[in-house]
Amino acid sequence: MSVDEIVSSVKANPFIKLTKEELDIFLACSTIIKEADTCLSDFIRILKYNDEIFVQEVSDKNEILLRKMNSLEDAEQFFKERMDFYDRKWDGCGCKINYYE
């Protein structure tokens, strides 16, 4: 998929699954606003492309997921909640992230 196809697809769905190649294409055209290594499930990123905000993460099934966010504030909140989950997982809470909501 091209970047325009990726953006169109993610706008029409709650999230999309990307291949590694598609992620590389999208990353090359985007600005990374925030990035963190989860140490459990690769990186989570807040990305900006053409004044639109996206979150990219990797699921526990090793699927690269991309979702469009309504605002930078929503993306920051989502990012924080995910990182809080990962912190709790390190503590052995047994909690699971539902990557598909």
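Located above this text is the structure these notes cover.
Chains are numbered independently. Their residues run from 1 in the order of the written sequence. Whole-chain, interface and lining totals are the exception, using all residues; otherwise, since this is a predicted model, local features are given only for residues with pLDDT of at least 70 and side-chain atom pairs are given and counted only at 80 or more. In computing side-chain values, all of the structure's heavy atoms are included and hydrogens and water are not.

Visitor: Quick rundown of the packing of aromatic side chains? Include the residues and the values.
Guide: Classification of ring pairs rests on two measures: the distance between centres of Phe, Tyr or Trp rings, Trp counted by its six-membered ring, which must be within 6.5 Å, and the angle between planes, read as stacked under 30 degrees, edge-to-face over 60 and tilted in between. The full count for this structure, using the stated rule, is 2 aromatic pairs. Plain terms: the ring middles of Phe26 and Tyr49 are 5.8 Å apart, the flat faces sit at 45° to each other, and that makes the pair tilted. Remark: Tyr49 occurs in strand 3 (residues 43-49) and Phe26 occurs in helix 2 (residues 20-29); sequence separation between them is 23 residues. In this structure, Phe26 and Tyr49 share a single accessibility class: buried. Runs of H or I in DSSP of at least four residues are treated as helices and runs of E of at least two as strands, each being numbered from the N terminus. Buried residues are those whose accessible area, probed at 1.4 Å on protein chains only, stays under 20% of the maximum for their type, while exposed residues exceed 50% and partly exposed ones sit between those limits.

Visitor: Go over the pattern of salt bridges, please, and point to the residues and values.
Guide: When their charged atoms lie close together, side chains carrying opposite charge are able to pair. A pair is scored as a salt bridge if a Lys or Arg side-chain nitrogen falls within 4 Å of a carboxyl oxygen belonging to Asp or Glu. Counted by the stated rule, this structure contains 10 salt bridges. Among the ionic pairs, Arg82 bridges to Glu57, the shortest N-O distance being 2.8 Å. One end of the pair, Arg82, is in helix 3 (residues 72-90); the other, Glu57, is in strand 4 (residues 52-58), and 25 residues separate them in sequence. On the basis of relative accessibility, which here comes to 8%, the residue Arg82 falls in the buried class. Two residues, Lys80 and Asp84, come together in a salt bridge whose shortest N-O distance is 3.0 Å. Pair noted here: Lys80 and Asp84 are both in helix 3, with a separation of 4 residues, about one helical turn. For Asp84, a relative accessible area of 27% translates into the label partly exposed.

Visitor: A description of the sheet that holds strand 3 should follow, citing residues and the corresponding values.
Guide: Two strands pair under a simple rule: DSSP has to find at least two bridges between them. Strand order in the open sheet made by the 5 strands is 1-5-4-3-2, with antiparallel pairing throughout. The open sheet is flanked by strand 1 (16-18) and strand 2 (31-37), the only strands paired with a single partner. For this sheet the average axis-to-axis angle between neighbouring strands, irrespective of direction, equals 25°. The sheet contact formed by strand 1 and strand 5 (residues 64-69) spans 3 bridges and is antiparallel. Within strand 5, the position partnered with Lys17 by the bridge is Leu65. What makes two residues a contact is simply this: any of their non-hydrogen atoms within 4.5 Å. Between N-to-C directions, angles cover 0 to 180 degrees, with each direction set by a line fitted to C-alpha atoms, over the stretch in contact for helices. Relative to strand 5, helix 1 (residues 3-11) is tilted by about 70°, and along the sheet it contacts strand 1, strand 3, strand 4 and strand 5. Of the strands in this sheet, strand 1, strand 2, strand 3, strand 4 and strand 5 are in contact with helix 2, which crosses strand 3 at around 50°.

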